[in-house]
Amino acid sequence: MEMGHGDEIVIADGNFPAASHTVRLIRADGHGIPEMVSALLQLFPLDQYVERPVALMDRVPGDTIQTPIWQEYRRILDAGGYRDTTFEMLDRFDFYDRAKNAYAVVATGERAQYANILLKKGVIKK
């Protein structure tokens, strides 16, 4: 609830170096990222004044791993009224840099690879 308009929060998978990339670490071991994103979207809206209020860590070039969790994020956003939201894709080190400047990092037990997601908080209206 301390986050303000434009603040960002990272929901990190189990492989993300969370403790070394934030000042505010929130442990959510045992939880998956989809359930965390669904819960957060009930508490605050995404920033409606930016083009892409959601960022994902993109695959490392040459990595051919499938990322079905991205489709799960799409379903969650669609269900939450964010059907037109496009993801900003960040390379690994750009994502790390954004994480260091985020309000907080939530470290989950998510096992899917490339599951890290960054959400930009919008304005809470009456």
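Everything below is about the structure shown above.
(A) The arrangement of the packing of helix α1 (residues 33-43) against helix α2 (residues 68-79) in detail. Between α1 and α2, whose axes approach to 10 Å, the crossing angle comes to 20°. Considering the angle they form, α1 stands roughly parallel to α2. Both α1 and α2 take part in a crossing whose hand is right-handed. Residue-level contacts link I33, P34, V37, S38 and L41 of α1 to I69, E72, Y73, I76 and L77 of α2. For the contact of α1 with α2, the class distribution of residues is 8 nonpolar, 1 polar and 1 charged.

(B) Region of interest: the packing of aromatic side chains. For the coordinates displayed, the defined rule picks out 3 aromatic pairs. Arranged with centres 6.0 Å apart and planes meeting at 80°, the rings of F16 and F95 form a pair that is edge-to-face. With a gap of 79 residues between them, F16 in the loop between β1 (8-12) and β2 (25-28) and F95 in helix α3 (residues 92-101) connect regions that are remote in the sequence. F95 carries the same exposure label as F16, and that label is buried. Taking the centre distance of 5.5 Å and the plane angle of 70° together, the rings of F16 and Y96 count as edge-to-face. Here Y96 lies in helix α3 and F16 lies in the loop between β1 and β2, a separation of 80 residues in the sequence.

(C) Expanded view of the sheet that holds β2. Read from one edge to the other, the open sheet built from 6 strands follows the order β2-β5-β1-β6-β3-β4, with strand pairing classed as mixed. Single-partner strands in this sheet number two, and they are β2 and β4 (87-90). The average undirected angle you get between the axes of adjacent strands in this sheet is 20°. The pairing of strand β3 (residues 54-57) with β4 spans 4 bridges and is classified as parallel. For M57, the partnering residue across the bridge sits in β4 and is L90. Packed onto the sheet, α1 meets β1, β2, β5 (104-108) and β6 (117-120) and runs at close to 155° relative to β1. Lying on the sheet, α2 is in contact with β3, β4 and β6; it crosses β4 at an angle near 150°.

Cut-offs and rules
Residues numbered from 1 in each chain as written. Predicted model: local features only at pLDDT ≥ 70, side-chain atom pairs only at ≥ 80, totals over all residues. Heavy atoms only, no water. Axes fitted to C-alpha atoms, helices over the stretch in contact; angles between N-to-C directions. Helix = DSSP H or I, 4+ residues; strand = E, 2+ residues; numbered from the N terminus. Parallel < 35°, antiparallel > 145°, perpendicular 65-115°, else oblique. Left-handed = near helix turned anticlockwise from the far one by under 90°. Contact = heavy atoms within 4.5 Å. Nonpolar A, V, L, I, M, F, W, Y, C, P; charged D, E, K, R; others polar. Phe/Tyr/Trp six-rings, centres within 6.5 Å; stacked < 30°, edge-to-face > 60°. Buried < 20%, exposed > 50% of the residue type's maximum accessible area, 1.4 Å probe, protein only. Pairing = 2+ DSSP bridges.

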